[in-house]
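Architecture and fold: a report
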Amino acid sequence: MKRLQGTGTCAGFAEGPVFFYRRATAGGGPGGGGETEAARLALAYRQADRQLEDLRRLAEEEAGAESAQIFEIHRMMLADEDFRQCAAAAVERGVSAEEAVWQAAEQFSALLEQTGDPLLSERAADVRDAARTLENALCGGEPPALEFPQPVILAAEDLSPSETVRLDKRQVLAFLTSGGTAQSHTAILARSLGIPAVVGLGPALDASWDGGDALVDGGRGIAVLSPDAEARRRFREGQALAAKEQRELSRFRDVRSVTRSGRAAPVCANVGAPGDLDAALESGAEGIGLFRTEFFYLSREQPPTEEEQFAAYREALRRMGGRQVVFRTLDAGSDKQAACLDLPAEQNPALGLRGLRFCLERPGLFRTQLRALYRAAAEGNAAIMFPMVASLWELQEAKAAARAVQDELRAEGLPFREKVPLGVMIETPAAAVLSADLAREADFFSIGTNDLTQYVLAADRLSPALRRFYDPLHPAVLALMRATVENAHRAGIPAGVCGEVAANPRAVPLLLEMGVDKLSVAPPSVLPVRAAVCAF
Ligand code: PEP
Ligand code: MG
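Residues numbered from 1 in each chain as written. Chains lettered and ligands numbered in written order. Predicted model: local features only at pLDDT ≥ 70, side-chain atom pairs only at ≥ 80, totals over all residues. Heavy atoms only, no water.

**Here's the deal with the overall build of the protein**
Within the protein, the regular secondary structure consists of 19 helices and 16 strands. Scaling as 2.2 N^0.38, a compact globule of 536 residues should have a C-alpha radius of gyration of about 24 Å, and the protein matches this with 25 Å. Projected onto its principal axes, the C-alpha positions of the protein cover 75 × 65 × 40 Å. Counting the 536 residues in the protein, one finds 51% classified as buried. Accessible surface, the protein: about 23,600 Å² in total, of which carbon and sulfur atoms supply 53%. (Helix = DSSP H or I, 4+ residues; strand = E, 2+ residues; numbered from the N terminus. Rg over C-alpha atoms; globule rule 2.2 N^0.38 Å. Buried < 20%, exposed > 50% of the residue type's maximum accessible area, 1.4 Å probe, protein only. Areas by Shrake-Rupley, 256 points an atom, 1.4 Å probe, with all protein chains shown as cover.)

**Details of the sheet that holds strand 8 (residues 222–225)**
Neighbouring strands of a sheet are bound in pairs by backbone hydrogen bonds; such pairs are parallel or else antiparallel. Taken in spatial order, the 8 strands line up as 1-8-7-3-4-5-6-2 in an open sheet, and their pairing is mixed. The sheet is open, and its two edges are formed by strand 1 (2–5) and strand 2 (7–10), each paired on a single side. Averaged over neighbouring strand pairs, the angle between their axes works out to 30° when direction is ignored. When strand 3 (residues 13–20) meets strand 7 (residues 213–217), the two strands line up antiparallel, connected through 5 bridges. Residue Ala14 lies in a different strand from strand 7, and its bridge partner there is Val216. (Pairing = 2+ DSSP bridges. Axes fitted to C-alpha atoms, helices over the stretch in contact; angles between N-to-C directions.)

**Remarks on the side chain of Arg530**
Here Arg530 shows up in helix 19 (residues 526–535). Engagement of the side chain of Arg530 in a polar contact is seen with the side chain of Ser257, the distance being 2.8 Å. What Arg530 contacts, discounting residues up to four positions off in sequence, is Phe252, Arg253, Val255, Arg256, Ser257, Val267, Gly284, Ala285 and Glu286. (Polar contact = N/O pair within 3.5 Å; in protein donor to acceptor, adjacent residues only side chain to side chain. Contact = heavy atoms within 4.5 Å.)

**What to know about the coordination of the magnesium ion (ligand 2)**
Here the magnesium ion (ligand 2) is held by Glu427 (OE) and Asp451 (OD), and the distances to it run 2.1 to 2.2 Å. One end of the pair, Glu427, is in the loop between strand 13 (422–426) and helix 14 (429–433); the other, Asp451, is in helix 16 (residues 449–456), with 24 residues separating them in the sequence. Neither residue differs from the other here; Glu427 and Asp451 are each classed as buried. (Donors = N, O, S within 2.8 Å, 3.2 Å for Na, K, Ca; no water.)

**Notes on unusual backbone geometry**
If you check the backbone angles, Ser226 has positive phi at about 45° while not being a glycine. Following the sequence through the fold, Ser226 ends up in the loop between strand 8 and helix 8 (229–250). In this model, Ala458 sits at a positive phi of 50°, which is unusual for a non-glycine residue. On the secondary structure map, Ala458 appears in the loop between helix 16 and helix 17 (475–490).

**Comments concerning the site of ligand 1**
For ligand 1, the set of nearby residues contains 14 residues, the closest of which are Arg292, Lys336, Gly448, Asn450 and Arg461. Measuring from an oxygen atom of ligand 1, one finds a backbone N or O atom of Thr449 at 3.1 Å. Side-chain polar atom of Arg461 to an oxygen atom of ligand 1: 2.7 Å apart, as the coordinates give it. Protein contact buries 99% of the 290 Å² of open area that ligand 1 shows by itself. Taken together, the residues that form the shell around ligand 1 break down as 3 nonpolar, 4 polar and 7 charged. (Near = heavy atom within 4 Å. Nonpolar A, V, L, I, M, F, W, Y, C, P; charged D, E, K, R; others polar.)

**Things to note about the packing of helix 10 (residues 306–319) against helix 12 (residues 363–377)**
The interhelical angle for the contact between helix 10 and helix 12, taken along N-to-C directions, is 35°, at an axis separation of 8 Å. Like other packed secondary-structure pairs, helix 10 and helix 12 cross with a definite hand, here right-handed. Facing helix 10, whose interface residues are Glu306, Glu307, Gln309, Phe310, Tyr313, Arg314 and Leu317, helix 12 presents Thr368, Gln369, Arg371, Ala372, Leu373, Arg375, Ala376 and Ala377. Counted by class, the contact of helix 10 with helix 12 contains 7 nonpolar, 3 polar and 5 charged residues. (Left-handed = near helix turned anticlockwise from the far one by under 90°.)

**Things to note about the nonpolar core**
In this structure, Phe291, Leu341 and Phe445 are the most contacted members of the largest nonpolar core, which totals 86 residues. Examining the composition of this core, we find that 8 residues originate from one element, helix 12, more than from any other. The contacts of Leu341, once residues within four sequence positions are left out, are Tyr297, Pro303, Leu330, Ala332, Phe358, Arg362 and Leu365. In this structure, Leu41, Ile70, Phe71 and Ile73 belong to the second largest nonpolar core, which totals 34 residues. (Core = buried A, V, L, I, M, F, W, Y, C linked by side-chain atoms within 4.5 Å.)

**Describing the packing of helix 4 (residues 97–114) against helix 5 (residues 118–138)**
Close contact between helix 4 and helix 5 brings their axes to 8 Å; oriented N to C, the two are set at 175°. Taken together, the axes of helix 4 and helix 5 are roughly antiparallel relative to one another. Here helix 4 contributes Ala97, Glu98, Val101, Trp102, Ala105, Glu106, Phe108, Ser109, Leu112 and Glu113 to the contact with helix 5, which in turn contributes Leu120, Ser121, Arg123, Ala124, Val127, Arg128, Ala131, Arg132, Leu134, Glu135 and Leu138. Looking at the contact of helix 4 with helix 5, its residues break down into 12 nonpolar, 2 polar and 7 charged. (Parallel < 35°, antiparallel > 145°, perpendicular 65-115°, else oblique.)

**Section: the packing of aromatic side chains**
Applying the stated rule across the entire model yields 8 aromatic pairs. Aromatic pair Phe296 and Tyr313: ring centres 5.4 Å apart, planes at 70°, arrangement edge-to-face. One end of the pair, Phe296, is in the loop between strand 10 (288–292) and helix 10; the other, Tyr313, is in helix 10, and 17 residues separate them in sequence. Assigned by exposure class, Phe296 and Tyr313 land together as buried. Within the aromatic cluster, the residues linked to one another by ring pairs are Phe291, Phe296, Tyr313 and Phe327. The cationic tip of Arg84 hangs over the ring face of Tyr45; the distance from NZ or CZ to the ring centre is 3.8 Å. (Phe/Tyr/Trp six-rings, centres within 6.5 Å; stacked < 30°, edge-to-face > 60°. Lys NZ or Arg CZ within 6 Å of the ring centre and 35° of its normal.)

**Details of the environment of Glu418**
Looking at the secondary structure, you find Glu418 in the loop between helix 13 (392–412) and strand 13. Here the alpha-carbon distance between Glu418 and Arg328, two residues 90 residues apart in the chain, equals 18 Å. When residues no more than four places from it in sequence are discounted, the contact partners of Glu418 are Tyr374, Gln406 and Arg410. Side chain to side chain, Glu418 and Arg410 meet in a polar contact 3.0 Å long.

**Describing the pairing of strand 5 (residues 172–177)**
Of all 6 residues in strand 5, 5 are buried; the element is thus mostly enclosed. Pairing between strand 4 (residues 152–156) and strand 5: 5 bridges, direction parallel. Considered in strand 5, the bridge of Ile153 is made with Ala174. Crossover connection from strand 4 via helix 6 (residues 161–166) to parallel strand 5: handedness right-handed. In the sheet, strand 5 pairs with strand 6 (residues 197–199) via 2 bridges, with the strands oriented parallel. Bridge pairing links Phe175 to Ala197 in strand 6. (Right-handed = clockwise from strand over helix to strand, strands pointing away.)

Spelled out as structure tokens, the structure:
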């Protein structure tokens, strides 16, 4: 028996045979002459581009626009002039087109790895993944499908985005990877598909697992190969307990989120892709507390038009019936890149032109979104909130843009709602410190603890190396949250929390004790959080 502990990234239990996936290694060899090889390479670029576009579409259908965005990045990598020149120079030196592709890929990934920046180092794996697609195209083929004759626990070092998309997921009982983090592609895909997954199991997860029987507990991050009777007994116990918890939670589906003392604290859902709306409705959420509108802008060549946005926002409002949907205006920049927006290259993107700042600098784009929002708001219970506010004047400018849009719509005779609540996300330390002033100009606050924590503690929210330092329950973060809630209440407006910390049932009593009025979490967390509210 072998038992490994990793990071559980999608809860759930699985039991079955392991398939250890080994990636075919890169080919090489002498070239068939500069001109022939250059022509093969030119053809392969076109084929790879088409294949990547197909993969993007497939990923978008299966897992939403956010997961699909990576293929847009692969396309950009293969279209990069420097990359192409590097491969062309290798062909001129007489190597095969395949070898030239790998020489260019290795040169580029080495440059990214040398930066020491974990995010850029992850991009090195993407360069290699894109190169594999190009190599497949050179071999004249479509990339092979990853299919299994029977359901398997799929183990691998890590899976690249193009591999995860080509997988026949119906046959995957669970994912195990020796590398990877909670932010890796395998983890994101597993969560969106609800397949149990454990990442970061270390080098002991190797080819020796292939064909063996295994147990996976995705919630606790455990994988056991050839389990003995005791391990099986514990696994069954865990399964039974989880099923019992699930049954107990289901009774909170149709109740209101009210504390024992009778205070209502609605539990709403965060949505980031159209597919999440189904999950939000199923979860019994009392509204959408955070509708991330970025996904409209991902994976496309032009920003979405007013009509496209109007249709999507209206659809969300209709589906939610009379329950409120809080639309956050475009929060692009930093970790949320979108090729169609032509975002500037920045040295410190998290401190750069992002969120509301970007919209204020691109008034045309902002105006289009606000017009779509005000028009859709005529058909449901909508609110609008602005991300990454740091100064009072930013909120005032945003409100002025909203007023201008209303004037325009009125003059054009288009139906829209006059009174849409306008809120501020409190996610910079400045906004929390200035919350008394902001509260006089805003209709509500929503505390974005994901960013607030990163800025208060100067700890990158995406860096696996900073896990110990990035703490949303740090006293400094809690102090700013408390001040924000107090200032909101003094001005007579509500304050909610829509960052990940609200999904932690152990943090819920702390937030309620602070006076937080509303919690908004990912759909799978709605019921556990509601149970915690009702128990408070
Ligand atoms: C936050 O920052 O807490 C938040 C909810 O927004 P996002 O995670 O989209 O930045
Ligand atoms: Mg944020």
